[in-house]
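Chain by chain, the residues:
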Amino acid sequence: MAQHQVNYLKDGGLPVALTTIDKVVNWGRSNSLWALTYGLACCGIEMMASGASRYDFDRFGTIFRASPRQAELMVVAGTLTKKHAEFIRRLYDQMAEPKWVISMGSCANTGGMFNTYATVQGVDRVIPVDLYLPGCAPRPETLQYGVLMLQQKIRRESASRAQKPKRLM
Amino acid sequence: MRAYTPKDNVQKKPYYTDRYWVAPQVAKHDVSSDAVFTDDLEAIKAQFDVLEAYIQVDQMVVIINAADNFGVIEMLKNERAYNQLSEMSAIDWLADEGKFEIFYQMLSMSKRKRLRIKCKIDEKESIQSVEKLFRSADWSEREMYDMFGVIVNNHPFMKRILMPDDWEGFPLRKTYPLQGDEFAAWYEVDKIFGKEAREIIGPENRDPARIDRYDTERFARLGHEVPRGTDISNGEPDTPLVYQESEGVFMIEKFDAEKSVVISDRDR
């Protein structure tokens, strides 16, 4: 029987890493941001491109999920119409806490060029937004940068369950 | 939800009028200049009243009474080989003459001719559906109802097609403001949060370039986060970005540009 011979003082040290609970939890959360597929318009194409092999969101741990129960990040990619507003709110409510929202592109930020009766003038009228990405449409690099910024934001937050849920009002 | 009734009669005052604008007209030619259209017009005149008929851009336009629309289109389809209804909708002439113009654009594949049937109805008047003749009229008539409020009789599913079912107003009427009336402005707030939330959420910001730099209720500047609702009009503290890899986190290394290798030869 082979003898287990590891000299912890010599071979790279003890297999122990010291950290805080907050940091471990936030490390896990921020590096496995599963996003809800929420392409509403042309920004959705850029979002798909970010997820596909050329830009490859998987390497940041962001995997698109088709169910709000499995997602903690909502990338609102595109124009939100007034007809659709109640459904985005329902899907947001179905996502489990903690959850984050990225508003991607001009239309989602402010209604963009659709200054009309049928377009919600910014998704922040309906759901709370963590990060606004400018652009029409933002390039996949912008979305990836945005997700990395959101990761940093998550790491600065407290991981405790007592954190206040984000509310519009 | 309570129906929105405007206090002022907006139909009397269109939001855009140009006193000196004269709409250019495409030249109208006599129907007798085309043999095929002359025959078609004779066939229509034999059974129905024709108010006006002319040729415009190689297409015959026939203006009929609104009550005859089903009969004329049925005859054109079955006897005159106009076998396609390529488009139909309404035009808002309420400000000028208090009427809607309904048009049916028809195409004959065998004759290679296009023909347009037009009729006029009053604002509260309804029109007969041609969905039994052309299935394409199904959604067109629903859209016409959705956008203009023209009710179509004998339609199998007379319901809004684009706007939500509980929408008030008809957006393609000339008196409907482009940015929506009061109902449209508060639609999503009323529906999701209730009317009492109007004051809390506030009116729509119709200026997309406006950014409220000091609004800490809804915005947080990355790298300058403060507790929600803090007054930052006198400046906010700088929160330095902390990278998780800079503190020696397990398994994660900080990218070192010095140690990286740039592959310049792609065929390597």
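Each value, and the rule that gives it
- Residues numbered from 1 in each chain as written.
- Chains lettered and ligands numbered in written order.
- Predicted model: local features only at pLDDT ≥ 70, side-chain atom pairs only at ≥ 80, totals over all residues.
- Heavy atoms only, no water.
- Axes fitted to C-alpha atoms, helices over the stretch in contact; angles between N-to-C directions.
- Helix = DSSP H or I, 4+ residues; strand = E, 2+ residues; numbered from the N terminus.
- Parallel < 35°, antiparallel > 145°, perpendicular 65-115°, else oblique.
- Contact = heavy atoms within 4.5 Å.
- Buried area = accessible area lost by both parts, 1.4 Å probe.
- Salt bridge = Lys/Arg side-chain N within 4 Å of Asp/Glu carboxyl O.
- Polar contact = N/O pair within 3.5 Å; in protein donor to acceptor, adjacent residues only side chain to side chain.
- pLDDT = per-residue confidence, 0-100.
- Buried < 20%, exposed > 50% of the residue type's maximum accessible area, 1.4 Å probe, protein only.
- Arc of directions from axis to C-beta.

### Some words on the packing of helix 2 (residues 43-51) of chain A against helix 5 (residues 140-156) of chain A
Residue and element names in this part refer to chain A.
So, step 1. The geometry of helix 2 relative to helix 5 is characterised by a closest axis approach of 8 Å and an angle of 70° between their N-to-C directions. When the interaxial angle is binned, helix 2 and helix 5 end up roughly perpendicular. Between helix 2, through Glu46, Met47, Ala49 and Ser50, and helix 5, the contact on the second element is made entirely by Pro140, Leu143 and Gln144.

### Side note on the interface of chain B and chain A
So, step 1. Taken together, the 43 residues of chain B in the interface contact 33 residues of chain A.
So, step 2. Note on chain B versus chain A: buried area summed over both sides is about 3300 Å², and carbon and sulfur give 58% of it.
So, step 3. Summed over the shared surface of chain B and chain A, the number is four salt bridges.
So, step 4. In this structure, the salt-bridge partner of Glu204(B) is Lys82(A), at a minimum N-O distance of 2.7 Å.
So, step 5. The tally of links from chain B across to chain A stands at 12 residue pairs in polar contact (both at pLDDT 80 or more).
So, step 6. Listed by contribution, the elements that provide at least two residues to the side of chain B that touches chain A are helix 5 (182-185), helix 6 (187-192) and helix 7 (198-201) of chain B.

### Description of the confidence of the model for chain B
So, step 1. Per-residue pLDDT for chain B averages 87, and the proportion of residues at 70 or more is 88%.
So, step 2. Per-element confidence in chain B is highest for strand 2 (residues 59-64) of chain B, whose mean pLDDT is 96, and lowest for helix 3 (residues 94-97) of chain B, whose mean pLDDT is 86.

### Focus on helix 1 (residues 21-30) of chain A
All names here are of chain A.
So, step 1. The complete set of buried residues in helix 1 reads Asn26, Arg29 and Ser30. Each buried residue of helix 1 sits inside an arc of 85° when the element is viewed along its axis, so together they form one side.
So, step 2. Among the structural elements, strand 4 (100-104) and helix 5 are those in contact with the buried residues of helix 1.

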